[in-house]
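Coordinates in review
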Amino acid sequence: MTGFGKATLQLATKKITVEVKSLNSKGLDLNVRMPSVYREMELGLRNQISQSLERGKVDFSLYIEVTGEETSTKINAPIVKAYMSQMRAILADADETELMKMAVRMPDALKTERDEIDENEWKQILTVIDEALNNINTFRIAEGASLEKEFQLRIANIRMYMDLALALDPERILNIKSKLQTAIDELKVNVDENRFEQELIYYLEKLDITEEKVRLTNHLDYFIETLNGNEANGRKLGFITQEMGREINTMGSKSNHAGMQKLVVQMKDELEKIKEQVLNVL
């Protein structure tokens, strides 16, 4: 489900920024970016994020901006002096400043001291992470409200097109009977009327869409019922749309009527729009 959440924290010597972005996905696809010093906390952090967001392609970023004089990179003085001494032996009249510039570029001239995690600082960072997760969930809830309206509209449209298709059913049946009768007349053969009626009834029963209409109506009702539930229902809605698609496809294959087939295509179009957005539901 798409969303964005951000939160910041200003500490004595650094600024902490947390950003969480999410896109549509069938499951939870989590990518975490954070400074190496906090890597040992990543597993617990992933559990925290998964419990909060549940689903989506999620990018989590934790940024550290040093705002004080504190730095973890130090000049390795003995190494620098040794380099300068060696270069002085080669270039006796070299300028000391230039020797220094060259020495600090040499391997191991700078050393980075690994910071240890400050427990109190990490607790403060966790509060910022919670704030960012709350912000993205607020974003998602707002988007969910607009999605609900979209689903209601698309379901209503499918109902409308289905009713219009059913209104064409008597005309469709007459057309089928007429075509069959014309085909028999063109054969110029004698046909037993009773047998013809029996075969016609059997043929029309195979093309009857009443059962598909009942099942599709049930699926539409169940979709709305599930949509109004309080539990995470994105996957269930996805399964219901699959069932809706089967009934609509069967209607199309049985229709044998141009006007009805056009309405079936419109139903399919509405259903595809629903399927695209169902991925955005938890």
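This structure is a prediction, so every number in the text was calculated from the model and none was measured.

The next subject is helix 8 (residues 234–255). With 22 residues, helix 8 should cover 32 Å at 1.5 Å per step; its first-to-last C-alpha distance of 31 Å lies within 8% of that length. Those residues of helix 8 lying buried are G234, L237, G238, I240, T241, M244, G245, E247, I248, M251, K254 and S255. Of the residues flanking the end of helix 8, it is N256, one or two places downstream, whose phi is positive at about 55°.

For the rest of this paragraph, the subject is the environment of T2. Take T2: it is sitting in the segment before strand 1 (3–10). Put simply, T2 and K57 are 55 residues apart on the chain and 8.4 Å apart in space, counted from C-alpha to C-alpha. With residues up to four places along the chain from it excluded, the contact list for T2 reads S22, L23, N24, F139, R140, E143 and N280. A polar side-chain atom of T2 sits 2.5 Å from a polar atom in the side chain of E143.

A few words now on the packing of aromatic side chains. Aromatic ring pairs: the centre-centre distance and the angle between the two ring planes describe each pair. Under the defined criterion, the tally for this structure stands at 2 aromatic pairs. Each ring, one from F151 and one from F223, has its centre 5.5 Å from the other, and the planes form 75°; the classification is edge-to-face. With a gap of 72 residues between them, F151 in helix 4 (residues 119–167) and F223 in helix 7 (residues 210–227) connect regions that are remote in the sequence.

What follows covers a nonpolar patch on the surface. A cluster of nonpolar side chains, I90, L91 and M102, forms an exposed patch at the surface whose accessible area comes to about 290 Å². Looking at the element boundaries, I90 is found in helix 2 (residues 77–90). Owing to a relative accessible area of 69%, I90 belongs among the exposed residues under this scheme.

Take the packing of helix 4 against helix 9 (residues 258–278) next. Close contact between helix 4 and helix 9 brings their axes to 9 Å; oriented N to C, the two are set at 165°. Taken together, the axis directions place helix 4 and helix 9 in an arrangement best described as roughly antiparallel. Seen along the crossing, helix 4 lies across helix 9 with a hand that is left-handed. Of helix 9, the residues touching helix 4 (which contributes L147, F151, R154, I155, N157, I158, Y161, M162, L164 and A165) are M260, L263, Q266, M267, E270, L271, K273, I274, Q277 and V278. Broken down by class, the residue content of the contact of helix 4 with helix 9 amounts to 14 nonpolar, 3 polar and 3 charged.

For the rest of this paragraph, the subject is the nonpolar core. F151, I158, L216, F223, M244 and M267 are the most contacted members of the largest nonpolar core, which has 26 residues in total. Mapped by element, the contributors of at least two residues to this core are helix 4, helix 7, helix 8 and helix 9. If we ignore the near neighbours within four places in the chain, the residues touching F151 are F223, L227, I274, Q277, V278 and V281.

We now examine helix 1 (residues 42–53). An ideal rise of 1.5 Å per residue puts 16 Å on 12 residues; helix 1 measures up with 16 Å between its terminal C-alpha atoms. Regarding helix 1, the residues found buried are E42, L45, I49 and L53. When helix 1 is viewed along its axis, its buried side chains cluster within an angular range of 60° and face the same direction. Those residues of helix 1 that are exposed and angled more than 90 degrees off the buried face are L43 and Q51. Contact partners of the buried residues in helix 1: strand 2 (14–23), strand 3 (28–33), strand 4 (56–66) and helix 4. E54, located one to two residues past helix 1, shows a positive phi value of around 65°.

Criteria and cut-off values
- Residues numbered from 1 in each chain as written.
- Predicted model: local features only at pLDDT ≥ 70, side-chain atom pairs only at ≥ 80, totals over all residues.
- Heavy atoms only, no water.
- Helix = DSSP H or I, 4+ residues; strand = E, 2+ residues; numbered from the N terminus.
- Expected span 1.5 Å × (residues − 1).
- Buried < 20%, exposed > 50% of the residue type's maximum accessible area, 1.4 Å probe, protein only.
- Contact = heavy atoms within 4.5 Å.
- Polar contact = N/O pair within 3.5 Å; in protein donor to acceptor, adjacent residues only side chain to side chain.
- Phe/Tyr/Trp six-rings, centres within 6.5 Å; stacked < 30°, edge-to-face > 60°.
- Patch = residues over 30% accessible without salt bridge, like charges linked within 9 Å, V, L, I, M, F, W, Y side chains within 5 Å.
- Areas by Shrake-Rupley, 256 points an atom, 1.4 Å probe, with all protein chains shown as cover.
- Salt bridge = Lys/Arg side-chain N within 4 Å of Asp/Glu carboxyl O.
- Axes fitted to C-alpha atoms, helices over the stretch in contact; angles between N-to-C directions.
- Parallel < 35°, antiparallel > 145°, perpendicular 65-115°, else oblique.
- Left-handed = near helix turned anticlockwise from the far one by under 90°.
- Nonpolar A, V, L, I, M, F, W, Y, C, P; charged D, E, K, R; others polar.
- Core = buried A, V, L, I, M, F, W, Y, C linked by side-chain atoms within 4.5 Å.
- Arc of directions from axis to C-beta.

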